[in-house]
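What follows is each chain in one-letter form.
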Amino acid sequence: QVQLVESGGGLVQPGGSLRLSCAASGSIRSINDMGWYRQAPGKQRELVATITSGGSTNYAESVKGRFTISRDNAKKTVSLQMSNLKPEDTAVYYCNARITTALFRFSDYWGQGTRVLVSS
């Protein structure tokens, strides 16, 4: 069984920083793309940033220059460093990973979500 566990959410003032982390565990053969998505109240889930196993990154326009995604392939983790946070960044953030299991099954996996609230 594969699990993604996120940590690092919380309350932060506008202009502040937070770091989100996500660790994958279980019967994993390989991990392809990893990423972060978010869902604000009343809105659809949207892509924040993704990173390939080779380290190529992709960002939503709204977070470019403020957020940085990184991963540690050996530890099976992905992180999101968020700076200069704005109230519109308030959302539940979800970790995503495209994983091939030990039984050669390929699927998208999601974490349980971690809440980020940007407010003064």
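Residues numbered from 1 in each chain as written. Predicted model: local features only at pLDDT ≥ 70, side-chain atom pairs only at ≥ 80, totals over all residues. Heavy atoms only, no water.

Novice: Quick question: what am I supposed to make of the side chain of Arg66 here?
Specialist: One can find Arg66 in the loop between strand S6 (57-59) and strand S7 (67-72). Judged by relative accessible area, Arg66 falls into the buried class, the value being 10%. A distance of 3.0 Å separates a polar side-chain atom of Arg66 from the backbone oxygen of Asn84. A distance of 2.7 Å separates polar atoms of two side chains, one belonging to Arg66 and the other to Asp89. Once you skip the residues sitting within four places of it in the chain, Arg66 turns out to touch Gln81, Met82, Ser83, Asn84, Leu85, Lys86 and Asp89. (Helix = DSSP H or I, 4+ residues; strand = E, 2+ residues; numbered from the N terminus. Buried < 20%, exposed > 50% of the residue type's maximum accessible area, 1.4 Å probe, protein only. Polar contact = N/O pair within 3.5 Å; in protein donor to acceptor, adjacent residues only side chain to side chain. Contact = heavy atoms within 4.5 Å.)

Novice: When you look at the packing of aromatic side chains in this model, what are you seeing that I'm missing?
Specialist: Inspection of every chain in the model, using the stated rule, returns 1 aromatic pair. It is Arg45 that lies over the ring of Tyr94; its NZ or CZ is 3.7 Å from the centre. Residue placement shows Arg45 over the ring face of Trp110; its charged tip is 4.7 Å from the ring centre. (Phe/Tyr/Trp six-rings, centres within 6.5 Å; stacked < 30°, edge-to-face > 60°. Lys NZ or Arg CZ within 6 Å of the ring centre and 35° of its normal.)

Novice: Explain the nonpolar core here, please?
Specialist: With 31 residues, the main nonpolar core has Trp36, Leu80, Met82 and Tyr93 as its most contacted residues. For this core, the elements supplying multiple residues, two or more each, are strand S3 (18-25), strand S4 (28-39), strand S5 (46-51), S7, strand S8 (77-82), strand S9 (91-101) and strand S11 (114-118). In terms of residue count, the dominant contributor to this core is S9 (5 residues). Sequence-distant contacts of Leu80, that is, excluding residues within four places in its chain, are made with Leu18, Arg19, Leu20, Trp36, Val48, Ala49, Phe67, Thr68, Ile69 and Tyr93. (Core = buried A, V, L, I, M, F, W, Y, C linked by side-chain atoms within 4.5 Å.)

Novice: Would you mind showing me how to read the sheet that holds S8 here?
Specialist: The strands that make up a sheet pair up through hydrogen bonds in the backbone, lying either parallel or antiparallel. Pairing within the open sheet is antiparallel, and its 4 strands lie in the order S1-S3-S8-S7. A strand with exactly one partner marks an edge of an open sheet, and here the two such strands are strand S1 (3-7) and S7. Pairwise comparison of adjacent strand axes, ignoring direction, gives a mean angle of 15 degrees for this sheet. Here S3 runs beside S8; their pairing, made up of 6 bridges, is antiparallel. Across the sheet, Ala23 pairs through a bridge with Thr77, a residue of S8. (Pairing = 2+ DSSP bridges. Axes fitted to C-alpha atoms, helices over the stretch in contact; angles between N-to-C directions.)

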